[in-house]
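# Close look at the chain arrangement
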Amino acid sequence: MSFTEEQLAAIKTVEPMVCVSAGAGSGKTTILIERIAYLLAHAEHWEDGRPGLDRIAAITFTEKAAAEMKARLRRKFREAPRPDNPAEMHFWREMERQVDSARVTTIHAFCASILREHALRIGMDPEWGVLGDAEAQQVAEQCVVETLHDLLAQEDEAALRLSVEISRKQLKQALLDMLARQWEFDAARDSKGYTDATALCDHWEAALPEIEEAFLGMLRHNQEAASIMEDLAACDGDCADDSDKREIQRRACLDLFSDITQGKDNLAGRIRDYLAAFPRMSGSKTKWSEDTFQKVGDLLKAARGFLRDRCLSPEWNPEHEARAAQMTCDFHHVLEQVTVACRAVRRQQSSFDFEDMINETLHLLRSNTAVRERVAESIRFLLIDEFQDTDERQLEIARLLAGTAHGPDLFIVGDAKQSIYYFRGAEVSLFKTVIHDSNNPLYLAKNFRALPDVLHFVNDFFSRTGLLGAVETYQPMEVFRAPMGRPCVECFFPEETSCKQTATEMRKQDARFVALRIREMCSPK
């Protein structure tokens, strides 16, 4: 099999940290398989000169992907040895036998293996069980209900205040939602700001300008803002008098939206200044055509609504904010009691859910140097696939291991455009930050899967629309395959209907159309 220079670099580069941004169809899984085989074939990259699959850990996001990697490793190892070299034959046969027990697995299974090996250190039975999603939800609901009942029976002040502010049903759901994102609570639980409502309120007020500017910076990717700017720019030259008040307002508004879409600094003050300078629209109809005068007016009205409702935070209300801060502290107190109860039940049952596995592993590696060193020294190379779907906890686990003396070299590969697990806490910004901070990131941009016409369409579409702007600056994929000489892109526009459809119904309609179209294309003429 032949490889491009970029692919060979991803396969053979051996450094403490190797970062690869691999676009769709670039041969990412093949690169991982070839890299593992390359590392095993070159003893000079091992401190003791003894390569072994048992000292390579490869983490991917799903069990299906892990099973596929193992199957491909078996095939690769079977094909690797030269028939005239008995020692080589023996080595690769041994590697093939090790595949079943190899640490080619999901992050949860990787963490589970660490926790089982060190279960006694964390006060757990080594044979602890795994709670499924339904069982974990049942435990969480039980703990929330019982903890709230006990706190109210004890006349806990925080619980009593919350029960007055919101309904029991709302409080229960809020606690369950936060338990599902336990790592966020753990990150904040040691903050003194959550025990003092006055201090928390002061912190909010001091942080508000910075938060507002950070939010406004995100609007550079907002399609509505870009559309308003383009429509305002399209009216250049439509007014016969540059000194007309409506024309002056249009130009000021255009400048402001231009700065918003460019992500410029100090936008909050400029937005407030604009709204104060132009409290209403004016201008002379005689300086415009009738249609254009009204069109610009509608645009300025839409722009004002966007600036007022989408860009600025409400005016600071000390009374409301003090009340919110007290509720936040009270909620934090109750959630901590619920968390303690959940952990007690799980330890009593000798069980973890999937989130517990990551949280407990991270806590163990942070707090126990001996365990961290033992785990790190047992791995020579740590490879992480689909890194764009990694969250802060998983990244810290990898860094703790790689940052330990005699710990593993770290290899990460991903594609920001393919991040799909935000709802599970994945943060594509982590991948972008790691790539940006890497000394020599590698890029695999050539697509070996799609036809040229498809790639040209995709490249043009995302370059023009900027729809991926919030994820990354779009880098066009390079063509590898030869064109087929016939249309490869079809657009499906569902028929308009007077009946309102749900999202599920629309998805079914789309799927039905695609299935019928594929059957039509594959049927004999």
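Residues numbered from 1 in each chain as written. Predicted model: local features only at pLDDT ≥ 70, side-chain atom pairs only at ≥ 80, totals over all residues. Heavy atoms only, no water.

## Quick look at the overall build of the chain
Looking only at helices and strands, the chain features 21 helices and 10 strands. Overall size of the chain, expressed as C-alpha extent along the three principal axes, is 95 × 75 × 50 Å. Counting the 525 residues in the chain, one finds 40% classified as buried. Counted over contacts in the chain with a minimum sequence separation of 6, partners at least 24 positions apart contribute 78%. Counting every atom, the chain has about 29900 Å² of accessible surface; 52% of that belongs to carbon and sulfur. Taking the average location of the 66 positive side-chain charges in the chain and that of its 86 negative ones, the two points are 5 Å from each other. (Helix = DSSP H or I, 4+ residues; strand = E, 2+ residues; numbered from the N terminus. Buried < 20%, exposed > 50% of the residue type's maximum accessible area, 1.4 Å probe, protein only. Contact = heavy atoms within 4.5 Å. Areas by Shrake-Rupley, 256 points an atom, 1.4 Å probe, with all protein chains shown as cover. Lys, Arg positive; Asp, Glu negative; His and termini not counted. Charge placed at Lys NZ, Arg CZ, Asp CG, Glu CD.)

## Quick word on the pairing of strand 6 (residues 381-384)
By the alternation rule, side chains of strand 6 split into F381 and L383 and L382 and I384, which are all buried. Taken together, the 4 bridges between strand 2 (residues 56-60) and strand 6 define a ladder with parallel strand orientation. The residue of strand 6 that forms the bridge with A57 is L382. Examined bridge by bridge, strand 6 and strand 7 (residues 409-414) share 4 bridges and lie parallel to one another. (Pairing = 2+ DSSP bridges.)

## Things to note about the pairing of strand 7
Consecutive side chains of a regular strand alternate in pointing toward one face of the sheet and then the other. In terms of burial, strand 7 is largely enclosed, as 6 of its 6 residues are buried. With helix 18 (residues 392-402) bridging strand 6 and the parallel strand 7, this β-α-β connection has right-handed handedness. (Right-handed = clockwise from strand over helix to strand, strands pointing away.)

## Some thoughts on unusual backbone geometry
The phi torsion at N266 lies on the positive side, around 55 degrees, for a residue other than glycine. Note on placement: N266 falls in the loop between helix 12 (245-261) and helix 13 (267-277). With relative accessibility at 58%, the residue N266 sits in the exposed group. Residues other than glycine seldom take positive phi values, yet H406 does so here, at roughly 65 degrees.

## What to know about helix 13
Of the positions making up helix 13, those classed as buried are L267, A268, I271, Y274 and L275. The buried residues of helix 13 all sit within an arc of 125 degrees when viewed along its axis, so they share a single face. Facing away from the buried side of helix 13 by more than 90 degrees, the exposed set consists of D273, A276 and A277. Contact partners of the buried residues in helix 13: helix 10 (197-218), helix 12 and helix 14 (290-311). (Arc of directions from axis to C-beta.)

## Focus: the pattern of salt bridges
Under the criterion given, the structure shown has 32 salt bridges. Residue D48 is joined to R55 by a salt bridge in which the shortest nitrogen-to-oxygen separation is 3.3 Å. In this structure, R78 and E96 form a salt bridge, with 2.9 Å as the shortest nitrogen-oxygen distance. Taken together, the positions of R78 in helix 3 (residues 63-79) and E96 in helix 4 (residues 86-98) put the pair 18 residues apart, joining distant regions of the chain. Residue R78 is classed as partly exposed on the basis of its relative accessible area of 44%. The network of salt bridges with common partners includes D236, E247, R250 and R251. (Salt bridge = Lys/Arg side-chain N within 4 Å of Asp/Glu carboxyl O.)

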